[in-house]
Amino acid sequence: MSPNKRNYSPLVKQSFVTAAVCMNIVCHGCVMGFPAILLPQLRQPGSLLTVAKDTESWIASVHSISILLGYFLTPPIMERLGRKVAHYAVCIPFLVGWFMIVMAESVQTIIIGRILQGLSSGLLTTLRSVLIGEYTSPRNRGAFLTTISLAQAFGIFFVHLVGSFLSWQLTALVCAFFAYTSFIMTMFTPESPSWLVARGRFEECRAVFHWLRGHAEDDELEDMINARIAYEKAIIRQRSSKESQFDKIWSTMKKKEFYKPIILMIHGNILMQFAGGTTMSAYSTVIISLLMGPVANAHFWMVFLDTQRIISNSVAVYVINRTKRRTMLFSTGALCVVSHLAIAAYVYARNEGIFVYDAIWLPALLINIQFFTVAVGMVPLPNVIAGEVFPLEHRSICGSISLMTGGSFMFVSLKSFPYLVDASGLQGTYALYAALLTYNLAVMWALLPETRGKTLQQIEEEFRGRALRPEEAEARRSLQMDPVEAYKSKLSLRRCSSAVL
């Protein structure tokens, strides 16, 4: 669509393009939470489809395998065809996957539908922050980016709520509405100004930028265009360099500011996947029944916990922006470990007859504490930290490695959970998770610097152990991986200065 003048404010237009992205994020949340609705209904007597326990774990986890493929497909689509085409590419597998599940007459069809949904989820995970970041104003960007975790939490809540009243087929049909709505909204959004400037289409970039932002932020527009021109000149100089590609890669891998953030975020992703949010989304009715007993209304508590997660995520938006990252991470992390150990001890004592008090409020309190730590710290904080610790020069490759490890550990957690519960019970599973969380928190304690209130350059220098030499700083300015990073770095410096003042 060519941007036309509308009688809407820039904030309304930015909200519209963000809403188009968030519709797909809600759909991703529905994908994550759908097994908690599907699997209990397939176990019921008279179900049209019957599944073995091994097949159940594949239904719950298979989408996390195709997520990895989506991570690799997004960058070439975004760079060659544009952000808008990439967003269409997210919507289509979501829609096809949901409709395959609606019409499924075999378990294999459901699994194929889940694989397609995972592909969309992988495409979306890489694309969503890019879209929101490039379409929105710096004044509103932070608030718009926080809608990512809220939209995902709402998707999990929505599918659990609707699935408590409808069949899994009708639930899948309703969930397809979000991807369809996003597809229609995308038709009415323009191409990203950053992509247009990267293609040298400066006049189109100016038109779209003014449509989205008005004329109050022309300094960012001119900085983007000038940065792109400087970038193209730097690429010409870089191509004339005689250094081999292998030497460049090896030199990069030896840099502390390259490998330390990657190690940090690998452990951050393990922390996020084994804190309980991932397994609770897919196996919530199983966990609640094992923890609270068969008399508990698993569907009620599932929806209750999802509601608590949305509220806690909303609280996290406020708290994270005003609290040191290390303080927030390790306080919620320690509470998460304690809640896991308390749940393990409670279930063990009850099953062994050591503790006969079985009032439902006690396990309900324990699982609510665990879910509070997931929503406030364990899920949002690794995502926030990942946006701060990667160096500007290598952000693309570092981000790809981080996302790939996150998807891999998601698969491991979802696939292994039923087997761990069968082998060691809920108490053994939660004790193992507590040990994993403790180890990863210890590694992050050693590696994570305090990042709140610091510029990206200051964080990078803390990992490196020194400031850039003058010649390195000059090369860095001229060889930015992204033509708008120069402006973002300058903006980060301004925000830091404002915070100090």
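About the criteria used
- Residues numbered from 1 in each chain as written.
- Predicted model: local features only at pLDDT ≥ 70, side-chain atom pairs only at ≥ 80, totals over all residues.
- Heavy atoms only, no water.
- Helix = DSSP H or I, 4+ residues; strand = E, 2+ residues; numbered from the N terminus.
- Contact = heavy atoms within 4.5 Å.
- Areas by Shrake-Rupley, 256 points an atom, 1.4 Å probe, with all protein chains shown as cover.
- Phe/Tyr/Trp six-rings, centres within 6.5 Å; stacked < 30°, edge-to-face > 60°.
- Lys NZ or Arg CZ within 6 Å of the ring centre and 35° of its normal.
- Salt bridge = Lys/Arg side-chain N within 4 Å of Asp/Glu carboxyl O.
- Buried < 20%, exposed > 50% of the residue type's maximum accessible area, 1.4 Å probe, protein only.
- Polar contact = N/O pair within 3.5 Å; in protein donor to acceptor, adjacent residues only side chain to side chain.
- Core = buried A, V, L, I, M, F, W, Y, C linked by side-chain atoms within 4.5 Å.
- Expected span 1.5 Å × (residues − 1).
- Patch = residues over 30% accessible without salt bridge, like charges linked within 9 Å, V, L, I, M, F, W, Y side chains within 5 Å.
- Axes fitted to C-alpha atoms, helices over the stretch in contact; angles between N-to-C directions.
- Parallel < 35°, antiparallel > 145°, perpendicular 65-115°, else oblique.
- Left-handed = near helix turned anticlockwise from the far one by under 90°.
- Nonpolar A, V, L, I, M, F, W, Y, C, P; charged D, E, K, R; others polar.
- pLDDT = per-residue confidence, 0-100.

### Things to note about the overall build of the protein chain
Counting secondary structure elements, the protein chain contains 23 helices and 0 strands. Across the protein chain, contacts joining residues at least 24 apart in sequence account for 81% of those joining residues at least 6 apart. Roughly 21,700 Å² of accessible area belongs to the protein chain as shown, and the carbon and sulfur atoms make up 66% of that amount.

### Brief notes about the packing of aromatic side chains
Enumeration according to the criterion identifies 14 aromatic pairs in this entry. Through pairs of rings, three or more aromatic residues link up here, namely F154, F157, F158, F177 and F178. The ring of W445 has R326 sitting right over it, with the charged end atom 4.7 Å from the ring centre.

### Looking at the pattern of salt bridges
Scanning the entire structure with this criterion turns up 2 salt bridges. One salt bridge in this structure joins R43 and E56, with 3.0 Å as the shortest N-O distance. Highlighted residues: R43 in helix α2 (residues 35–43) and E56 in helix α3 (residues 53–61), separated in sequence by 13 residues. Since its relative accessible area comes to 7%, E56 is described here as buried.

### Structural notes on the environment of T373
Inspection of the secondary structure puts T373 in helix α18 (residues 361–378). As for T373 and V337, which are separated by 36 residues in sequence, their C-alpha atoms are 9.5 Å apart. With residues near it in sequence (within four places) discarded, T373 still touches T332, L335, C336 and M378. Among the polar contacts listed, one links the side chain of T373 to the backbone oxygen of Q370, at a separation of 2.6 Å.

### Quick word on the nonpolar core
Core analysis: the largest hydrophobic core is formed by 91 residues, its most contacted members being I59, W98, W168 and I367. For this core, the leading source of residues is helix α6 (residues 107–135), giving 10 residues. When sequence neighbours within four positions are dropped, the list of residues in contact with W168 reads F34, L38, Q41, L42, L49, I101, A104 and I110. The next biggest cluster of nonpolar side chains, apart from the first, holds 31 residues, and it includes I262, M328, A386 and F390.

### Looking at the side chain of H340
Mapped onto the elements, H340 comes out in helix α17 (residues 325–351). Separated by 3.3 Å, the side chain of H340 and the backbone oxygen of A275 make a polar contact. At 2.9 Å, the side chain of H340 forms a polar contact with the backbone oxygen of C336.

### A closer look at helix α1 (residues 10–33)
The end-to-end C-alpha distance of α1 is 34 Å, a good match for the 34 Å that 24 residues give at a rise of 1.5 Å each. Among the 24 residues that make up α1, 17 are buried, leaving the element largely enclosed by the rest of the structure.

### Some thoughts on a nonpolar patch on the surface
Together, F99, L161, F165, L166, L170 and L173 line one region of the surface with nonpolar side chains, adding up to about 560 Å² of accessible area. With respect to the element layout, F99 can be found in helix α5 (residues 83–102). Judged by relative accessible area, which is 41%, F99 ranks as partly exposed.

### Quick word on the packing of helix α4 (residues 63–81) against α6
For the pair α4 and α6, interaxial distance at closest approach is 6 Å and the crossing angle is 45°. Here α4 is positioned oblique relative to α6, judged by the angle of their axes. Note that α4 runs across α6; the crossing there is right-handed. Contacts from H63, S66, I67, L69, G70, Y71, L73, T74, I77 and M78 of α4 reach α6 at R114, I115, G118, L119, S121, G122, L123, T125, T126, L127 and V130. Partitioned by chemical class, the residues of the contact of α4 with α6 number 11 nonpolar, 9 polar and 1 charged.

### Let's talk about the confidence of the model for the protein chain
Considering every residue of the protein chain, the mean pLDDT works out to 80; 79% of them sit at 70 or more. Of all helices and strands in the protein chain, the one with the weakest mean pLDDT is helix α23 (residues 485–500) (40), whereas helix α9 (residues 168–187) scores best (94). For the stretch residues 1–5, pLDDT sits under 50, and the model shows 12 contacts to residues farther than four places along the chain or on other chains. Confidence drops under a pLDDT of 50 for residues 478–501, and excluding neighbours within four residues, the segment shows 41 contacts in the predicted structure.

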